[in-house]
Structure formats: structure tokens, C-alpha cells
Amino acid sequence: MTGKSSGIVRCHYGVSALAAMAVDSLETFENAQEIFAADIGFRNTGYVVGVGEVNLGNFRRSLQGQRAVGVRTEEIDKADVARMWPWADLEPFAAFAWEPRGGYGDAYQTAQAFATAARAGGARIRQSALVSGLIVKGDTVTGVTLADGSEISAQTVIVATGAWTKPFLARYGIDVPIAVHREQIVLIHPGTDIGRVPVFSDLVSLQYVRPEPGGQILFGNSDLRELEIADPDDYLNRASDDFIDLTVDKVGTRFPGFTEAAISGSYAGCYDVTPDWNPVISAGPLAGLVIAAGFSGHGFKIAPAVGQLIADLVIDGASGDPRVPERGFRLSRFTEADWLKSPYPYVGAGEMR
């Protein structure tokens, strides 16, 4: 799943804990060369998000909440965005926000840097070592069993298995309500040199675009009200004809200045989606078990902070950051009907905000 991430880095969240995790994670992205002695692919292009009149009130309340947890974000004028994206039709927008620290990254390069740092810190990574099950004694997880029959004992087992989490844990009577959704990405050659442009999240026509290193544009659809349920082991790894038509319509409408644009490629990946579109980062119902799954498309941009929260849960049993209370991410919130949702929901674009 990591290798398919579109890699957007932004802090625009109505859920305060997610905004705090995103801004903390920025420190890792911005200082990657010093931390990892490697280029992890982060490009600080800035991030702009635009909304229509229907979402204006919650948009401004959300910005205020983001600033309260340390996000550097401000409302900017339409003229400012026109200078950034001169090919865009900005008439339908009522307001824009600007995050100068935003941008995009390369999830594969980032994961490899994490792995290298983990090994240097003493971790042993066993790639292609299939875990066939948990070792459970009474109500406690004491390790894992591998497909070759060997066992690994552990005081704590962290299940971070993305789209495969629900069936893996179901055999132990643990219900992690994850639906697997196929998400499509289209690459576009704009037909002109666009130079250095920021990531643009359009919450009017529900799309986002970001530059690619080779001068192309990556397009993603932000209308996630209907899921395309998929098998994470067997799904179409390209955009469908209908999605190509949607791309042409949305990009053509928003960017009429791209008169010579052409589609250059596509691919697809999977989201592990929970009912409230927010992750489970939680001690499990069995002692010795921690679950980190259901990231619903948020995982890359908050990954460093997720690591910190998991470490806190393993070592102390609670979050060490008062801005990121572990209660919000607990698994039991779904059976308790206490979902983690933004207090400032956007009409038509609430799933990822």
C-alpha cells in the first residue's frame, strides 16, 4: 500500500489530533537529510486548498483549530492563487488557505529510510516472512507464528497490516471495521511548462493535483462518498475508462488553460477505510496486542507521529502528547458509536477532512 501513496503532505484537518500529528510529522519530512542522511523525496511546494460558499464557515473554524495546535496556515486571496496556478478557473471558490510548509513526498523512499534507521537502531526486519497467526495464551498475545512453523515470542505484538487487518484479526474474535477501497490516480502531461506549483486541493469540484518531478501532474479524486470495494490481492492496477472520463471533465473544467494536456498514465491502490475515515491506533482487546490500521488515506503524512503514538502505547499505555489523546483512536469507538469526526465537516468532502 505504501508504494501506491500519492504522497500529499498537508495539515488541513478538522480533527485536532490529526492536525497535530501532521504538523509534528512535518519536522521529520523537513529534516530528513539530517535525520536519515538520505533524500526521502519530500518536496516543499506549499499546499493550497479552496472551498465554495457552502463550506466557508466551517473552513474558517477549521483553520482556527489548526493554528491552535501549531499548524502554519493562513487564508489568502484569489489573486494569490491565480499567481500560483495561472491556468485555473478560480471563479467558483469563496476562500483559499495556504500552508507554506506543505507539499508532497515519496512514500517508498520514506519507508526505506525508516527501515534503514530502524536497522541502525537495532531492529531486525524480516521481509517476506509471512506471519500466519498470533500466539494467544488465555487472554494475552505472546508472539506470532510464521508460515514456516517457527514462532517469535514478544511482550507486545503490533498489527499494522493495512487492508489485510480485518480478516487477520477476525479469527481471534476481534472486529476491526475496515473496508478496502480501490483509489485511482491519473498522470497528466499539462502540455506546457508549469514550473514550481503547489499542491492544489479543490474542494469545489472535489479533486486534487500535484506536480510530479518530471513536469507531469498527478490527479486524484476527492469525492469519496461512495467506496469501490476491492480485493487488496486482486484489483485493476490502472484507471478505468469511466475514471479517465471523470479526470478529463474535472481537470478540463478547473484548468481550462491546459489546452494541450494529455493523459500519460495511471495506476490504482487501496485504502483501508474505517467507518469514520480515521485510523485505529489502539491497544487491542487482548493483552499484549496493539493495532495500527484503517488509515483511510491519511497514513503517509502522519506516519512519524503515528510511530510516536504507537511507542507511547507500547511503553506507557497512553499517549505522551495531550494534543493527541489515545482515546480518539481507540478501536472500541465503533461499538460505542463515538466516532472520530471533524467538528467542522465539509459538505461533499468530509471523508478526508
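Since the model is a prediction, treat every value here as computed from it, not as a measurement.

**Notes on the packing of helix α1 (residues 16-30) against helix α8 (residues 299-315)**
Move 1: Following both chains from N to C, one finds α1 and α8 inclined at 95°, their axes separated by 7 Å at the closest point. With respect to each other, α1 and α8 are oriented roughly perpendicular. Residues L18, M21, A22, S25, T28 and F29 of α1 touch α8, and the partners they reach there are F300, K301, I302, A303, P304, A305, V306 and L309.
Move 2: Tallied by class, the residues present in the contact of α1 with α8 amount to eleven nonpolar, two polar and one charged.

**What about the side chain of R353?**
Move 1: Mapping R353 onto the fold places it in the segment after α8.
Move 2: Although R353 is buried, it forms no salt bridge, and the closest oppositely charged side chain is E99 at an N-O distance of 6.8 Å.
Move 3: Polar side-chain contacts of R353 include one of 2.9 Å to the side chain of S201.
Move 4: Not counting residues within four places of it along the chain, the set of residues in contact with R353 comprises R10, H12, Y13, G14, V15, Y47, V49, S201, L203, S342 and Y346.

**Quick notes on the layout of surface pockets**
Move 1: The volume enclosed by the second largest pocket comes to roughly 270 Å³.
Move 2: Contributing to the lining of the second largest pocket are 13 residues, with H181, N221, D223, E226 and E228 lying nearest its centre.
Move 3: Broken down by secondary-structure element, the contributors of at least two residues to the lining of the second largest pocket are β10 (179-189) and α7 (241-254).

**Thoughts on the pairing of strand β13 (residues 217-221)**
Move 1: Among the five residues of β13, five are classified as buried, and the element is accordingly described as predominantly covered.
Move 2: Side chains of β13 alternate between two faces, with I217, F219 and N221 and L218 and G220 buried alike.
Move 3: In this sheet, β13 lies alongside strand β12 (residues 207-211) in antiparallel orientation, the contact comprising five bridges. Bridge pairing in β13 links V209 to F219.
Move 4: Here β12 folds back onto β13 in antiparallel fashion, the turn holding five residues, of which G215 has a positive phi close to 95°.

**Focus: the sheet that holds strand β16 (residues 289-293)**
Neighbouring strands of a sheet are bound in pairs by backbone hydrogen bonds; such pairs are parallel or else antiparallel.
Move 1: Taken in spatial order, the three strands of this open sheet run β9-β16-β15, and their pairing is mixed. Unpaired on one side and paired on the other, β9 (157-159) and β15 (280-283) mark the two borders of the sheet. Shown here is a sheet whose adjacent strand axes are inclined to one another by a mean of 15°, direction ignored.
Move 2: Lying over the sheet, α8 contacts β9, β15 and β16, oriented at roughly 10° with respect to β15.

**Thoughts on the sheet that holds β13**
Move 1: With mixed pairing, eight strands are arranged side by side in an open sheet as β3-β4-β2-β11-β12-β13-β10-β14. The sheet terminates laterally at β3 (74-76) and β14 (262-273), the two strands that pair on one side only. Between one strand and the next, the sheet's axes are offset by a mean angle of 25°, whatever the strand orientation.
Move 2: Sheet contacts for helix α3 (residues 56-68): β2 (47-51), β3 and β4 (95-99); angle to β4, the most-contacted strand, approximately 20°.

**Structural notes on the environment of P198**
Move 1: Within the secondary structure, P198 sits in the loop between β10 and β11 (199-202).
Move 2: On the basis of relative accessibility, which here comes to 4%, the residue P198 falls in the buried class.
Move 3: Between the C-alpha atoms of P198 and A303, which are 105 residues apart in sequence, the distance is 22 Å.
Move 4: Apart from the residues lying within four places of it in its own chain, the contact partners of P198 are T45, G46, Y47, V48, M84, W85, W98, V209 and P211.

**Some details on the pairing of β11**
Move 1: Along β11, one buried face is formed by V199 and S201 and the opposite face, lined by F200 and D202, is buried too.
Move 2: For β2 and β11, the ladder comprises four bridges, and the chain directions are parallel. Paired with V48 across the bridge in β11 is F200.
Move 3: Where β11 and β12 come together, three bridges link them in antiparallel fashion. The partner of F200 across the bridge, within β12, is V209.
Move 4: Where β11 folds back onto β12 in an antiparallel hairpin, the turn is made up of four residues, including L206, whose phi is positive at roughly 60°.

**Considering α7**
Move 1: Helix length check: α7 (14 residues) gives 20 Å between terminal C-alpha atoms against 20 Å at 1.5 Å per residue, within 8%.
Move 2: Of all the positions in α7, only F243, T247, K250, V251 and R254 are classed as buried. Along α7, the residues classed as buried sweep out an arc of 90° about the axis, all on the same side. Along α7, the residues that are exposed and aim more than 90 degrees away from the buried face are D241, D242, D245 and V248.
Move 3: On its buried side, α7 packs onto β10, β11, β12, β13 and β14.

**So, a negative patch on the surface**
Move 1: Among the surface-exposed residues, D241, D242, D245 and D249 lie close enough to one another that they form a single negatively charged patch.
Move 2: Relative to the helices and strands, D249 is located in helix α7.
Move 3: Judged by relative accessible area, which is 49%, D249 ranks as partly exposed.

What counts and how
- Every chain's residues receive numbers from 1 upward, in the order its sequence appears when written.
- For this predicted model, a pLDDT threshold of at least 70 governs which residues receive local features, and a threshold of 80 or more governs which side-chain atom pairs are given and counted, while totals over whole chains, interfaces and linings are taken from all residues.
- The side-chain numbers reported here are obtained from all heavy atoms of the structure, hydrogens and water having been left aside.
- Simply put, an axis is a line fit to the C-alpha atoms, just over the touching stretch for a helix, and the angle between two N-to-C directions goes from 0 to 180 degrees.
- Secondary structure elements follow DSSP: runs of H or I no shorter than four residues count as helices, runs of E no shorter than two count as strands, and numbering proceeds from the N terminus.
- With respect to orientation, any angle under 35 degrees is reported as roughly parallel, any angle over 145 as roughly antiparallel, any angle of 65 to 115 as roughly perpendicular, and every other angle as oblique.
- Whether two residues are in contact is decided by their heavy atoms, any of which lying within 4.5 Å being enough.
- Gly falls in the polar group here, along with every residue not listed as nonpolar (Ala, Val, Leu, Ile, Met, Phe, Trp, Tyr, Cys, Pro) or charged (Asp, Glu, Lys, Arg).
- Residue exposure (1.4 Å probe, protein chains only): buried if accessible area is under 20% of the type maximum, exposed if over 50%, otherwise partly exposed.
- The charged-residue count follows a simple rule in which Lys and Arg add positive charge and Asp and Glu add negative charge, with His and chain termini not counted at all.
- Salt bridges, as used here, are contacts in which a Lys or Arg side-chain nitrogen is within 4 Å of a carboxyl oxygen on Asp or Glu.
- Here a polar contact is taken to be a pair of N or O atoms separated by no more than 3.5 Å, where protein atoms must pair a possible hydrogen donor with a possible acceptor and residues adjacent in sequence count only if both atoms sit in side chains.
- Residues are called lining when one of their atoms sits within 4 Å of a cavity or pocket point, these points coming from a 1 Å grid over the protein atoms alone, where a cavity is a set in which a 1.4 Å probe fits but cannot get out and a pocket is an open set with protein on both sides within 12 Å along at least five of seven lines.
- Grid points are joined across faces, edges and corners, and a volume is the space filled by probe spheres set on the points.
- For two strands to be treated as a pair, DSSP must find no fewer than two bridges joining them.
- Each helix should span, by expectation, one fewer than its residue count multiplied by 1.5 Å.
- Starting at the helix axis, one direction is taken to each C-beta atom, and the arc is that of these directions.
- Excluding any residue in a salt bridge, patches collect residues exceeding 30% relative accessible area, merging like charges within 9 Å and nonpolar Val, Leu, Ile, Met, Phe, Trp and Tyr side chains within 5 Å.
- Exposure was quantified through the Shrake-Rupley algorithm and a 1.4 Å probe, taking into account, for residues, occlusion by the shown protein chains and nothing else.
- Just so you know, the charge point we use is NZ for Lys, CZ for Arg, CG for Asp and CD for Glu.

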